[in-house]
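Analysis of the macromolecular model
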Amino acid sequence: MRILILGGTQFLGRATARLAVEQGHEVTCAARGVSGVVPAGARFVPVDRDDPQALAPLADAGFDAVIDVTRQISHARHALAALADHVGHWSFVSTISVYADNTTPGQSVADAPVLPAAPADVDGPVGPDHRWYGECKVSIEELVRERMGVDRSFICRPGLIVGAEDPSDRFPYWVRRLSAGGEVLAPGAPTDRVQFVDVADLAGWLLHAAGTRLGGTYDGIGPAMTRADLLAGVAAGLDLAEPALTWVDQEFLISHDVREWSGERALPLWVRLPEYGGLMDRDTRPSLHAGLAVRPLPDTVRATASWMAAHPAAVRQGGLDPADEAVVLGEWQAVRDR
Ligand SMILES: NC(=O)c1ccc[n+]([C@@H]2O[C@H](COP(=O)([O-])OP(=O)(O)OC[C@H]3O[C@@H](n4cnc5c(N)ncnc54)[C@H](OP(=O)(O)O)[C@@H]3O)[C@@H](O)[C@H]2O)c1
């Protein structure tokens, strides 16, 4: 295939471009080149999509498929205006942040309500909390379906994407933490559900969708597992003996200012329940049925760990600091001994 990736300079776009090259496709990546470089073997076309005409010169390049990762509504609109009539298939990487209900476990694409589209004066996510992110993705999904038709568009809604070149502090936190050894603060309960997708599996599925002209809307996420299985899988991928986990109640963590999901003082892949009980417990059967192949967790851990070892400066440091973790564990122990 001749594939155009709108992006390709970081994480998912880059992993998709790399795999497409490995699979023998002819790959073009259009981006500014601000976030990084495209993988070896892919052609880089420098464009700034803030310019509405930026992609027009690519219209007659004979692409079979486009894969777009944008969050900006105008970027999607202009890309579709320039290219939709000239390509056979369009994949849009959306997000599970389009869903309106984060509480109910077991939802699937077919029955889950989505947010409204973004207001007319919003073009992209705003501010450090990425306000309107989900709504912008809803708007772009609508544009893609409208312009390409449902049968020629693959709308893929990933949950947490993990693996090599992860720019976030989420999955790498657990790889780093279990590697460090000692008593590990495990948040919540062992049976809490967690869910994510390996970046390479997602890349593989995007290429499979383009190659088979898969149409429709799907979640891009692997099957949910328990947090105990997550931590055991991370340990297995690192060839560690069983980690010394101390499970600490959610309410205790919240009252000691341990934060959820990401950032300073956060324990990643942990969200409060029942409020966010649906966030990492979605029904993935339709996606697996439609070709998403999920590798064993230890393989994801090995890929993440070797990237972290090879590129320490690129790994975002975040999460609960070891000294703060020790303080919280000490206070938890004191409460339990009382
Ligand atoms: N990470 C997660 O856990 C997660 C979860 C759910 C969904 N998602 C979705 O998954 C996708 C991840 O994509 P990604 O990893 O490739 O990263 P990304 O952050 O979405 O990358 C954006 C790409 O667009 C390019 N770009 C940005 N502004 C541009 C402009 N003005 N003109 C031209 N190109 C521009 C960037 O390249 P340059 O800066 O070099 O131009 C980069 O390659 C996104 O759609 C995200 O919403 C992610």
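The rules behind each value
Residues numbered from 1 in each chain as written. Predicted model: local features only at pLDDT ≥ 70, side-chain atom pairs only at ≥ 80, totals over all residues. Heavy atoms only, no water. 1 Å grid on protein atoms, 1.4 Å probe; cavity = no way out; pocket = protein on both sides within 12 Å on 5 of 7 lines; lining within 4 Å. Points joined across faces, edges and corners; volume = space filled by probe spheres on them. Nonpolar A, V, L, I, M, F, W, Y, C, P; charged D, E, K, R; others polar. Domains from an automatic or database assignment. Axes fitted to C-alpha atoms, helices over the stretch in contact; angles between N-to-C directions. Helix = DSSP H or I, 4+ residues; strand = E, 2+ residues; numbered from the N terminus. Parallel < 35°, antiparallel > 145°, perpendicular 65-115°, else oblique. Left-handed = near helix turned anticlockwise from the far one by under 90°. Contact = heavy atoms within 4.5 Å. Near = heavy atom within 4 Å. Polar contact = N/O pair within 3.5 Å; in protein donor to acceptor, adjacent residues only side chain to side chain. Areas by Shrake-Rupley, 256 points an atom, 1.4 Å probe, with all protein chains shown as cover. Buried area = accessible area lost by both parts, 1.4 Å probe. Salt bridge = Lys/Arg side-chain N within 4 Å of Asp/Glu carboxyl O. Buried < 20%, exposed > 50% of the residue type's maximum accessible area, 1.4 Å probe, protein only.

Rolled over the atoms, a probe with the dimensions of a water molecule shows which regions are left empty. A volume near 230 Å³ is recorded for the second largest pocket. In this structure, the second largest pocket is lined by 13 residues; those nearest its centre are Thr9, Gln10, Arg14, Ser35 and Glu165. A class-by-class count of the residues in the lining of the second largest pocket yields 5 nonpolar, 5 polar and 3 charged. Taken together, domain 1 (2-162 + 197-220) and domain 2 (171-194 + 224-281 + 296-330) each give at least three residues to the lining of the second largest pocket, which thus spans both.

This brings us to the packing of helix H6 (residues 227-237) against helix H9 (residues 297-310). The geometry of H6 relative to H9 is characterised by a closest axis approach of 8 Å and an angle of 55° between their N-to-C directions. By the angle between their directions, the pair H6 and H9 is classed as oblique. When you trace H6 past H9, the crossing you get is right-handed. From H6, Asp229, Leu230, Gly233, Val234, Ala236 and Gly237 reach across to H9, where they touch Leu297, Pro298, Val301 and Arg302.

Further remarks concern unusual backbone geometry. Residue Pro274 follows Leu273 across a cis peptide bond; omega there is 10°. Structurally, the position occupied by Pro274 is in the loop between strand S15 (266-267) and helix H8 (285-289). Backbone geometry at Asp257 places phi at a positive 60°, although glycine is not the residue there. With respect to the secondary-structure elements, Asp257 resides in the loop between helix H7 (250-255) and strand S14 (259-260). Of note in this structure, Trp261 is not a glycine but carries a positive phi near 75°.

Moving on, we get to the site of the ligand. Near the ligand you find 29 residues, and of these Thr9, Gln10, Ser35, Val69 and Tyr133 are the closest. With respect to the ligand, the side chain of Thr9 contributes an N or O atom lying 2.7 Å from an oxygen atom. Here Leu12 contributes a backbone N or O atom positioned 2.8 Å from an oxygen atom of the ligand. Protein contacts shield 88% of the accessible area of the ligand, which totals 900 Å² for the unbound molecule. When contributions to the shell around the ligand are tallied by element, the ones reaching two or more residues are helix H1 (11-22) and helix H3 (133-148). Considering each element in turn, the shell around the ligand owes the most residues, 3 residues, to H1. Considered class by class, the residues forming the shell around the ligand number 11 nonpolar, 11 polar and 7 charged.

Take the domain arrangement of the protein chain next. In terms of domain boundaries, the protein chain breaks down into domain 1 (2-162 + 197-220) and domain 2 (171-194 + 224-281 + 296-330). Using only C-alpha atoms to locate each centre, domain 1 and domain 2 end up separated by 29 Å. Contact residues are listed per partner, giving 10 residues for domain 1 and 11 residues for domain 2. The contact between domain 1 and domain 2 buries some 840 Å² in all, and 61% of this surface belongs to carbon and sulfur atoms. On the domain 1 side of the contact with domain 2, Asn102, Leu160 and Val162 bury the most area, a combined 52% of that side's loss. For the pair domain 1 and domain 2, the number of links is 0 salt bridges. Remark: the boundary between domain 1 and domain 2 carries 7 residue pairs in polar contact (both at pLDDT 80 or more). Looking at the side of domain 1 that touches domain 2 residue by residue, the classes come out as 4 nonpolar, 5 polar and 1 charged.

Below, the discussion takes up helix H4 (residues 171-180). In an α-helix, one turn spans 3.6 residues, which is why side chains three or four residues apart end up on the same side. Along H4, 7 of the 10 residues are buried, which leaves the element largely enclosed by surrounding structure. All of the buried residues along H4 are Phe171, Pro172, Tyr173, Trp174, Val175, Arg177 and Leu178. The inward-facing, buried residues of H4 abut strand S7 (161-162), strand S8 (183-187), H6, S15, H9 and helix H10 (322-337). Looking one or two places after H4, you find Gly181, whose phi comes out positive at around 75°.

With the rule as written, the count across this model stands at 19 salt bridges. A salt bridge links Arg177 to Glu325; its shortest N-O distance comes to 2.9 Å. Note that Arg177 is positioned in helix H4 and Glu325 in helix H10, a separation of 148 residues in sequence. When its relative accessible area of 11% is taken as the criterion, Arg177 is described as buried. According to the relative accessible area criterion, Glu325 is buried, its value standing at 5%. Taking the shortest distance from any N to any O, the salt bridge between Arg282 and Asp219 comes out at 2.8 Å. Within this pair, whereas Arg282 is found in the loop between S15 and H8, its partner Asp219 is found in strand S11 (residues 216-220), the two being separated by 63 residues in sequence.

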